[in-house]
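Residue-level listing of the chains:
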Amino acid sequence: PYHVMADDAGALLVRSGLVSSSSLDEARSRVDSLGGTLLEQLVVTGAVTDDALTDYFKKRLLVPQVNPNSLARLPAKVVASIPANMAIELRAIPVSVDADNNLTIAMSDPSDRNAVDEITSATATLLELHSSALKSLDGASDTTTTGAKR
């Protein structure tokens with residue numbers, strides 16, 4: 001099973017002019033047939049670049065962008081905040097935990113309310129959302145989620 005991205009992300013991207021409605025339809029078809037996430041399929045098909053998506057979430061939704069270099073040095077205790085398979089499925093990596101036990105996570109799609117709700121339920125913490133390019137999350141999950149199935 002794969003996680004289907006919230007419809008609003010695709011609609012937001014079309015309304016912003018970042019992707020065409022036909023590219024969105026093609027990406028949704030690819031998710032249905034091949035799996036993965038809507039954003040992954042938009043990037044794979046060349047409808048939008050990874051960096052353009054991250055920039056969009058940063059500028060339009062005012063979601064801070066995580067420094068990609070920080071993803072390479074995450075403490076094991078922080079990484080363990082979210083089960084590895086969930087992190088991979090939802091394209092989310094725990095970045096830090098503050099003194100009040102609030103969890104900062106880097107996500108490829110911080111507008112995905114279903115993923116945010118699932119992580120909140122699993123961790124029982126308040127989340128601070130940051131955006132991250134898919135390629136940065138892939139690199140981080142390769143080094144932080146050993147043993148998890150991709």
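Let me begin by describing the structure that accompanies this report. All figures in this text were calculated on a predicted structure; none of them were measured in a lab.

Looking now at the packing of aromatic side chains. Aromatic rings in a pair are described by how distant their centres are and how their planes are angled relative to each other. For the structure on display, the rule yields one aromatic pair. With 5.5 Å between their ring centres and 65° between their planes, Y56 and F57 make a pair best called edge-to-face. When its relative accessible area of 1% is taken as the criterion, F57 is described as buried.

Our focus in this paragraph is the pairing of strand β3 (residues 127–131). Here strand β2 (residues 103–107) pairs with β3 via five bridges, running parallel. Opposite I105, over in β3, you have L129 as the bridge partner. Taken together, β2, helix α7 (residues 113–123) and β3 form a β-α-β motif whose crossover is right-handed.

The next thing to look at is α7. Turn by turn, an α-helix covers 3.6 residues, leaving residues three or four places apart pointing in a common direction. Listing the buried residues of α7 in full gives A115, V116, I119 and T123. With its buried residues spanning 100° around the axis, α7 presents them on a single face. In this structure, the buried residues of α7 make contact with α6 (84–90), β1 (92–97), β2 and β3. Immediately downstream of α7, the backbone of A124 shows phi near 55°, a positive value.

Moving on, we come to helix α4 (residues 50–60). Along α4, the residues classified as buried are D50, L53, T54, Y56 and F57. The buried side chains of α4 occupy one side of the element, clustering within an arc of 155° when seen end-on. Among the exposed residues of α4, those oriented more than 90 degrees off its buried face are K59 and R60. Positioned one or two residues after α4, L62 has a phi angle of 55°, which is positive.

Next up on the list: the environment of P83. For P83, the location among the structural elements is in the loop between α5 (76–79) and α6. Separated by 10 residues in the primary sequence, P83 and I93 have C-alpha atoms spaced 9.8 Å apart.

Turning our eyes to something else, we now look at the pairing of β1. The pairing of β1 with β2 spans five bridges and is antiparallel. Bridge assignment links I93 to a residue of β2, and that residue is A106. If you look at the hairpin formed by β1 and β2, you'll find five residues sitting between the two strands, and N101 has a positive phi there, around 70°.

Thresholds, definitions, all that
- Residues numbered from 1 in each chain as written.
- Predicted model: local features only at pLDDT ≥ 70, side-chain atom pairs only at ≥ 80, totals over all residues.
- Heavy atoms only, no water.
- Phe/Tyr/Trp six-rings, centres within 6.5 Å; stacked < 30°, edge-to-face > 60°.
- Buried < 20%, exposed > 50% of the residue type's maximum accessible area, 1.4 Å probe, protein only.
- Pairing = 2+ DSSP bridges.
- Helix = DSSP H or I, 4+ residues; strand = E, 2+ residues; numbered from the N terminus.
- Right-handed = clockwise from strand over helix to strand, strands pointing away.
- Arc of directions from axis to C-beta.
- Contact = heavy atoms within 4.5 Å.

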